[in-house]
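Working through the structure, step by step
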Amino acid sequence: MAISIKVNGKTHEIDADPATPLLYILRDELALNGAKFGCGLGQCGACTVHVDGKPAFSCLLPLAAVGNREVTTIEGLASNGKLNALQQAFIDEQAAQCGYCIAGMVMRAEALLRVNPHPGEEEIRAHMQPNLCRCGTHMRILRAIKRAADRSTEIGVGHEERL
Amino acid sequence: MNYIGTPISRVDGQAKVTGQAKYAGDVNVPGLVFGAVVTSTIAKGRIKSIDTSAALKVKGVLKVLTHKNRPALPKSDQAWKDDIAPGGSPFRPLYDDKVMFSGQPVALVLAEEWETARYAASLVHVEYAAKPHITDLQAAREKAFTLKKSKKPRGDAAKAFSSAEVRHEAEYFIPTEHHNPMELFASTAIPEKRGKLTVYDKTQGVQNVHRYLCSVFKKKKGDIRVMSPFMGGGFGSGLRPQYQVVLAVMGALTLKRPVRLMLTRQQMYGLGYRPASIERLQLGAQRDGTLHAITHEAIVVTSQFEEFSSSDTEWADRLYKSPNAKFVHKLARLDVPTSCDMRAPGATTGVYGLECAMDELAVALKLDPVELRLRCYSDKDQSVNLPYTSKNLRECYQQGAKAFGWEKRNPVPRSMRDGNELVGWGMATGVWEALQMPAAARIVLGANGHAEISCATSDIGTGTYTIMAQVAADALGLPIENIGIKLGDSTLPQSPVEGGSWMAASVSHAILGVADEVRKTLFDAAKKIKGSPLSGVKFEDVTLSDGKIVSKKDPARAMTIAHVMRERRLDRIEKEKLHKFKKDEKHARNTHSAIFAEVKIDEELGVIRVTRVVNAVAAGRILNTKTARSQIMGGVVWGIGMALHEETAYDHKFGRIMNANIAEYHMPVNADIHDIEVIFVDEPDEHINPLGIKGVGEIGIVGTAAAIANAVYHATGVRVRDLPITLDKLRR
Ligand code: FES
Ligand code: FES
């Protein structure tokens, strides 16, 4: 029996085992490969998407549990090809290195900024805790989030600009 | 030059923040089949039987391959050797019934859905006949052996040590560590028309994988194409082809359908790793702080079937003057997969031992650790008795110390605090090689002023796309927006594997070399144009700049590239060239760094935080200060992990890894990383290569763990020599 889910504003009928993780559906059925598989165990955050605006590990969420909640992936963030403020800040702060963790990082951070547009350093660190990066981009990711949080101030202008 | 040396943002940034960058497991093709691997649960022995019947009954399962029903595979070791295989007999998946390590692939399930494949894999039942195994380095150290004849010692280190006024002798230990790139090893093998195959693979060297697959599957060069446009981190784990690419191809050839095989996180621990090592140091000095004897002996893990070896021990010869020196590198065989390169292999571990030992010697001598290093400073690489192409390590010590505020350090352990926390300041030196390899590049310059640059190199996240564009834009005198980069495709011009920090220098000079050919073609064409302002100008005197070919002596004598190409009816200029570096037997080539670290340790709980790191690096000319800085920061984060968190823990009874997941294999997370400052000291280098580039991928990690360990000692007065430094060890 097909299960219907709404992803990035579009409704899809999916014919799959209801226990299949949402991540597999996004990647293998809908060709939305932005969300990544990093562990499948809720340990790394590479698969983070929004479900009704809240960050979720899509590797742990069974298809059948999505219901009529709205799923948003990194592909659904930019509007008409225009990057959103956070994506732009990730570029400006050179946050991406290999890039594998980045979709998950952006989605988790975006969820924070939507409920708290001006988070403090500690709040950001605590909120970003589930997401791992092996390239060591941590400082730049924190700065990118701060930069996006308040683009009008000089926060986030770090060593790189002071060369 | 407009772009080289500037902090331009990476050209692939947009693809990465929008989810558009395609990694090896992201390729979707119609009819894709999914693979799942079954791995061994014993460390040594034989497979008695494999029962695949339950798996085969699952709806959607297409095939289960084991050593019993796999397609033919070559017998000879030679057929399985990749470009950088060490000595020995390489591992081959599903080859026979022999089990050589826990986590070895023993079956491949192929199914219509990944979920199905993974479920069916859990139903494959394997019976083993286990044999006694050994996975503990300490238990195997007595049987360790040297691979090649060790270099002749300099002088008599043992004698000089016993007569030295101040002696320090200790053993340091670094456990096995795993790379744990966030991207899992994955391959997508797609059969094409006429028996051809395209393989998307997670690899640091598409041409290495290409040659390997052609050899293993007895295919002609043109039959297989290996692609890796993006890689989610390698750190050395992707230098050699991994078994999943063999299995994906095996599956695709068997089913004649495209197959994707992505390993699980747990299965990643069945691949290569940084080998555990014991580093034994003996330093003998006079009271004035001059060294008279250095002995460094390492015992490092390898497998039963291959001899992976990197140089742990000779770094002291590059850093510290000593008339007597002895270096011995031994390997110990365990029932584990073959160890492999991992970020600054050999140096990360060897220099950790050396730099902690130097700190202990400084304490014994009552000398400031920086001062001790300056007193022993070597202007030569004593192992080859050659001066350096450049070595500005003195400046690293100076600038690093200044930025850190080192002069305010009270040398007495436990003397500095901040509220409830003990504060410790430590430092160490870092050193790595400045390597460069032959590489080729192709330029296709169009009449519209756009150029496409290609090379088979990978971009493992380091920023190769970006620096290639920078170098090409400068060499061709074009705006960077007009440059397109193609890489990660085995059909492109020759490239070595990307590792060892050699790619920046190698590919940059390949581009410069071929850009010269383009300039020559343009120059010849320009001269033929009637009334050419360049007639009479010599080739050596023209350059490409601002979209023009122009005389360096008289900038008024110029023509736009577009004009030249139009006039001569050239719609494109295509050139390819292999670049080899001139041999220089008169210099040693290294990068250097000085690392200063601050730790704060909760006195009651023992919780350690690395609150500040300054890493001052001398690495020749920096092509892109932004991407290079990211590399160093990443290296420092790895150093923090090595010092405080990372350890692959074995259950020696079962010969199995206990923490084969990223919740229990601890690596630094956002909450662990505080202030990291990177300084690039000026280091002009006229000898190494025309651009003066040395590479920066590895140097950031080397020495960092030692600086932190030394800071922990300074904070607490407790010397922990076996990594990682966890709070329980402070209470021993
Ligand atoms: S893949 Fe979902 S948390 Fe790692
Ligand atoms: S950028 Fe590579 S894992 Fe985060």
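Please read all numbers here as calculations on a predicted model, not as lab measurements. (Residues numbered from 1 in each chain as written. Chains lettered and ligands numbered in written order. Predicted model: local features only at pLDDT ≥ 70, side-chain atom pairs only at ≥ 80, totals over all residues.)

A tally of regular secondary structure across chain A gives five helices and five strands. From first element to last, N terminus to C terminus, chain A shows the α and β order β-β-α-β-β-β-α-α-α-α. At 16 Å, chain A has a C-alpha radius of gyration in line with the 15 Å of a compact globule built from 163 residues. If one aligns the C-alpha atoms of chain A with their principal axes, the spans along those axes are about 60 × 30 × 25 Å. Nonlocal contacts in chain A, meaning residues at least 24 apart in sequence, comprise 58% of its contacts between residues at least 6 apart. (Helix = DSSP H or I, 4+ residues; strand = E, 2+ residues; numbered from the N terminus. Rg over C-alpha atoms; globule rule 2.2 N^0.38 Å. Contact = placed C-beta atoms within 7 Å.)

Another aspect to go through is the sheet that holds strand β22 (residues 439-446) of chain B. Paired through their backbone hydrogen bonds, the strands of a sheet run either parallel or antiparallel. Residues and elements named next belong to chain B. Read from one edge to the other, the open sheet built from four strands follows the order β24-β23-β22-β28, with strand pairing classed as mixed. For this open sheet the edge positions go to β24 (483-486) and β28 (572-579), each flanked by a neighbour on one side alone. For this sheet the average axis-to-axis angle between neighbouring strands, irrespective of direction, equals 15°. Sheet analysis places β22 next to β28, joined by eight bridges and oriented antiparallel. Residue pairing for β28: A439 is matched across the bridge by H579. Sheet strands in contact with helix α12 (residues 464-476) are β22, β23 (451-454) and β24, and its direction is about 135° off that of β24. (Pairing = 2+ DSSP bridges. Axes fitted to C-alpha atoms, helices over the stretch in contact; angles between N-to-C directions.)

Residues and elements named next belong to chain B. Pairing is mixed in the open sheet, where five strands are placed in the order β20-β21-β29-β30-β33. Across the chains shown, the open sheet's two edge strands, defined by having one partner strand only, are β20 (416-418) and β33 (675-680). Sheet twist, expressed as the average angle between the axes of neighbouring strands with direction ignored, equals 25°. Sheet analysis places strand β29 (residues 590-602) next to strand β30 (residues 608-618), joined by ten bridges and oriented antiparallel. Of the residues in β30, the one forming a bridge with V599 is V610.

Residue and element names in this part refer to chain B. Axis separation between α12 and helix α13 (residues 503-528) bottoms out at 9 Å; the angle between their running directions is 30°. Taken together, the axes of α12 and α13 are roughly parallel relative to one another. Here the hand of the crossing between α12 and α13 comes out right-handed. Mapping the contact onto sequence places T464, I467, M468, V471, A472, A475 and L476 in α12 and M503, A504, V507, S508, I511, L512, A515 and V518 in α13. (Parallel < 35°, antiparallel > 145°, perpendicular 65-115°, else oblique. Left-handed = near helix turned anticlockwise from the far one by under 90°.)

As a further point, take the domain arrangement of chain B. All names here are of chain B. Along its sequence, chain B is carved into domain 1 (17-132 + 182-233 + 238-270), domain 2 (277-435 + 585-731) and domain 3 (437-579). Listed as interface residues are 16 residues of domain 2 and, on the opposing side, 15 residues of domain 3. By residue class, the composition of the side of domain 2 that touches domain 3 is seven nonpolar, six polar and three charged. (Domains from an automatic or database assignment. Nonpolar A, V, L, I, M, F, W, Y, C, P; charged D, E, K, R; others polar.)

The subject of this paragraph is the pairing of strand β12 (residues 224-227) of chain B. Residues and elements named next belong to chain B. Bridge count for strand β11 (residues 197-201) against β12 is four bridges, and the pairing is parallel. Each bridged residue has a counterpart across the sheet, and for V199 the counterpart in β12 is V226. Between the parallel elements β11 and β12, the chain passes through helix α6 (residues 206-216) in a crossover that is right-handed. (Right-handed = clockwise from strand over helix to strand, strands pointing away.)

A few words now on unusual backbone geometry. Residues and elements named next belong to chain B. At the junction of L723 and P724, the peptide bond is cis and its omega measures out at -10° in the coordinates. Despite not being glycine, D546 shows a phi value in the positive range, around 55°. By the element assignment, D546 lies in the loop between β25 (542-545) and β26 (548-551). Here D546 falls in the partly exposed class, since 13 other C-beta atoms lie within 10 Å of it. (Buried ≥ 20, exposed ≤ 12 C-beta atoms within 10 Å, placed from the backbone.)

Okay, the interface of chain B and chain A next. Taken together, the contact pairs 51 residues of chain B with 48 residues of chain A. Put simply, the parts of the chain that give the side of chain B that touches chain A at least two residues each are α1 (13-17), α3 (114-121), α15 (625-644) and β33 of chain B. Looking at the side of chain B that touches chain A, its residues break down into 24 nonpolar, 17 polar and ten charged.

Bringing helix α9 (residues 347-365) of chain B into the picture now. All names here are of chain B. With 19 residues, α9 should cover 27 Å at 1.5 Å per step; its first-to-last C-alpha distance of 25 Å lies within 8% of that length. The buried fraction of α9 amounts to 17 of the 19 residues, a majority that puts the element mostly inside the structure. A positive phi of about 55° marks K366, the residue just after α9. (Expected span 1.5 Å × (residues − 1).)

The next thing to look at is the confidence of the model for chain A. All names here are of chain A. In this model, chain A carries a mean pLDDT of 90, and residues with pLDDT of at least 70 account for 93%. Summarising per-element confidence for chain A, the mean pLDDT is lowest in helix α4 (residues 121-128) (92) and highest in strand β3 (residues 48-51) (98). Low pLDDT, under 50, characterises residues 152-163; the predicted model gives this stretch 16 contacts beyond four residues in sequence or across chains. (pLDDT = per-residue confidence, 0-100.)

A residue-level look at chain B finds 100% of positions with pLDDT of 70 or above and a mean pLDDT of 96. Scoring the predicted complex yields pTM 0.95 and, for the interface, ipTM 0.93.

Working note: a packed helix pair is described by the angle between its axes plus the distance between those axes. All names here are of chain B. Two elements in contact, α9 and helix α16 (residues 704-716), have axes separated by 8 Å at closest approach and are oriented at 35°. Seen from above, α9 lies across α16 with right-handed handedness. Contact residues: V351, Y352, E355, C356 and D359 in α9; A705, A706, A709, N710 and Y713 in α16. A per-class count over the contact of α9 with α16 returns seven nonpolar, one polar and two charged.

On to the nonpolar core, then. Soluble globular proteins tend to pack their nonpolar side chains together in the buried interior. Residue and element names in this part refer to chain B. Among the nonpolar cores identified, the biggest contains 289 residues, and V109, A472, I511, I549, V617 and I708 are the most heavily contacted of them. For this core, the element with the most residues is α13, which contributes 13 residues. Dropping the residues within four chain positions of it, V109 is found in contact with G35, A36, V38, A55, V61, V64, A117, A120, A121 and V124. Formed by seven residues, the second largest nonpolar core is a distinct cluster that contains F235, L239, C340 and V497. (Core = buried A, V, L, I, M, F, W, Y, C linked by C-beta atoms within 7 Å.)

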